[in-house]
Each structure stands twice: as structure tokens, then as C-alpha cells.
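Take a look at the letters that make up each chain.
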Amino acid sequence: MSLLTNEEIAYFSDAFSLGSGDLGNEGSYSEGLDNPLLGHSLSVETEIPQVLAHILGHSKLTLLAEISYYRLFFPLTLNLDELGVMSPSLGVPEVIDMRGKQRSWRLEEIKGVRMIDNTTKKDVEVLSLSSSGMRIKVPQDFEHKTEHPSELILPDGTHLDMAYEEVRTENGVMAIKINAKGQPREILREFLFNQHKAKYSHLYKGLTN
């Protein structure tokens, strides 16, 4: 791990804007900008934690921000322009909850999120959601097989192709593992990140100008 300089911290600070349209874009830097991360930790990781390997795909470098009980892993790529100038670009972060067992942050207050099992064509009630799994009410006539192709529908109407498999079932509630790749995975991660920012906006105040 290598710590960033104040200038590099300022460069990356725009990635934490509470707006939803800045993810994946290059940050901006202005001379004399006060450090917006006072009281928070920001560093570059050259090793991806094993628990995140299947979520972050082929990323070899991440920007790690630590705020309160949460660690935000931003996939980080370095690009060369035609003049040979290197510029960093941030992807959508994975939010890890550090309380108790480390795991992807779970959205418990589900509003407007639906799932359709493509095998039965029936709606499945979603009780909680993270980028790696969900808790759902056990569907009627559920077949206990390896994977169930499905669609996750977000509040804005976006349909995400994915598959899920049962992890455990207790008292009518099933914990499932999500298998989503490429753009659906990125869209889900961005949705959850925006939900986290909205729910814990007070934690992000020190990260914005």
C-alpha cells in the first residue's frame, strides 16, 4: 500500500461528490485546494482482497477510502494519452461494511426493487440487497437447483440480467448468491453506492467541497 500525496488526494476528491453522474470520470485538481479528506483515510492498494476478487473483476489497483465503519474500494486504472501523460480514472466503488464480519454493504430498506425468476416468470420479493447477494422470501414452487436465471429491476426501471443460487433457507427467508457480470454488475454497484451516499450523507460531508 502507498499513501497519496495531498495533491493526489485533491485530484481524486471529486469522485466522492454526492452527485450521481461523476463516477468513472477523471477527478479534477485546483492549486491550493484544501484537503477534503481531513479525518478520513485515502490510499492506493496494489492487492485486491480475496473477498472482492470476483466482484471487482480484473482490477489490479484500487483506491481505498475509509469512512466511519466503511471501506470503499474504487477500481483504479492509469491511462496514457498521446503525449505520454498518465492520468488515473476511477470506477464504481464496492462498499464494505467493517462491523462484525467484513462483507459488502447491504441495503435493508428496499423500495422499488423487484426480481423476476425467468424460469417461473414470477416476481420474487426482495428483502435486502448487496452487490454479492440478497435475502428473499422463498418463492412458491422453488426448484433447488444450481442457478436460477433472473432479472433484477431497479426503481428507475433498469433491468439487470443475472442468476442466483441458494445459500441457505430459514423461516421462509432464503439467502442467495448473485451471479452478475459486466455492465449489470457495474450498474448494481453504482445503484448501491448511491443508496449508501444518500443514507449516510453525513459521512460524506468531509469528502465534498
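A few points on the structure. If you're wondering where the values come from, they're calculated on a predicted model, not measured in any experiment.

Concerning unusual backbone geometry
- Phi angles above zero are rare outside glycine, and K121 is one such case at about 60 degrees.
- Mapped onto the elements, K121 comes out in the loop between strand 8 (114–117) and strand 9 (122–124).

Some details on the side chain of E94
- Mapped onto the fold, E94 is located in strand 6 (residues 94–97).
- Look at E94 and you get buried, because its relative accessible area is 2%.
- Here S104 takes part through its side chain, which lies 2.6 Å from a polar atom of the side chain of E94.

Description of the pairing of strand 11 (residues 133–137)
- Here strand 10 (residues 126–129) pairs with strand 11 via three bridges, running antiparallel. Directly across from L129, in strand 11, lies its bridge partner M134.
- Connecting the antiparallel pair strand 10 and strand 11 is a turn made up of three residues.

Considerations on helix 3 (residues 182–199)
- Spanning 18 residues, helix 3 covers 26 Å between terminal C-alpha atoms, matching the ideal 26 Å at 1.5 Å per step.
- Within helix 3 the residues assigned to the buried category are R185, L188, R189, F191, L192, F193, H196 and K197.

Quick look at the nonpolar core
- Counting residues in hydrophobic clusters, the biggest one holds 36 residues, and the most contacted among them are L72, M115, L129, M134 and L152.
- The set of elements that each furnish at least two residues to this core consists of strand 3 (62–67), strand 4 (70–80), strand 10, strand 11, strand 13 (159–170), strand 14 (173–179), helix 3 and helix 4 (201–204).
- Contact partners of M134, with chain neighbours within four places excluded, come to M115, V126, S128, L129, L152, M162, M174, A175, I176 and I178.

Concerning the side chain of S104
- Take S104: it is sitting in strand 7 (residues 103–104).
- When its relative accessible area of 8% is taken as the criterion, S104 is described as buried.

Some words on empty space enclosed by the protein
- Tallied over the entire structure, the rule returns one cavity of 30 Å³ or more.
- If you list the elements that add at least two residues to the lining of the largest cavity, you get strand 6 and helix 3.
- Looking at the lining of the largest cavity, the element that brings in the most residues is helix 3, giving three residues.
- Its residues placed into classes, the lining of the largest cavity shows five nonpolar, one polar and two charged.

Points about the sheet that holds strand 13
- Ordered in space as 9-8-12-13-14-11-10, the seven strands form an open sheet in which the pairing is antiparallel. The open sheet has two free edges, formed respectively by strand 9 and strand 10, since each of these has just one partner strand. Between one strand axis and the next, the sheet turns through 40 degrees on average, direction left out of account.
- Where strand 11 and strand 14 come together, five bridges link them in antiparallel fashion. Within strand 14, the residue paired with I136 across the bridge is M174.
- Strand contacts of helix 3: strand 10, strand 12 (148–153), strand 13 and strand 14, with the helix running at about 75 degrees to strand 13, the strand carrying the most contacts.

Rules and cut-offs
Residues numbered from 1 in each chain as written. Predicted model: local features only at pLDDT ≥ 70, side-chain atom pairs only at ≥ 80, totals over all residues. Heavy atoms only, no water. Helix = DSSP H or I, 4+ residues; strand = E, 2+ residues; numbered from the N terminus. Buried < 20%, exposed > 50% of the residue type's maximum accessible area, 1.4 Å probe, protein only. Polar contact = N/O pair within 3.5 Å; in protein donor to acceptor, adjacent residues only side chain to side chain. Pairing = 2+ DSSP bridges. Expected span 1.5 Å × (residues − 1). Core = buried A, V, L, I, M, F, W, Y, C linked by side-chain atoms within 4.5 Å. Contact = heavy atoms within 4.5 Å. 1 Å grid on protein atoms, 1.4 Å probe; cavity = no way out; pocket = protein on both sides within 12 Å on 5 of 7 lines; lining within 4 Å. Points joined across faces, edges and corners; volume = space filled by probe spheres on them. Nonpolar A, V, L, I, M, F, W, Y, C, P; charged D, E, K, R; others polar. Axes fitted to C-alpha atoms, helices over the stretch in contact; angles between N-to-C directions.

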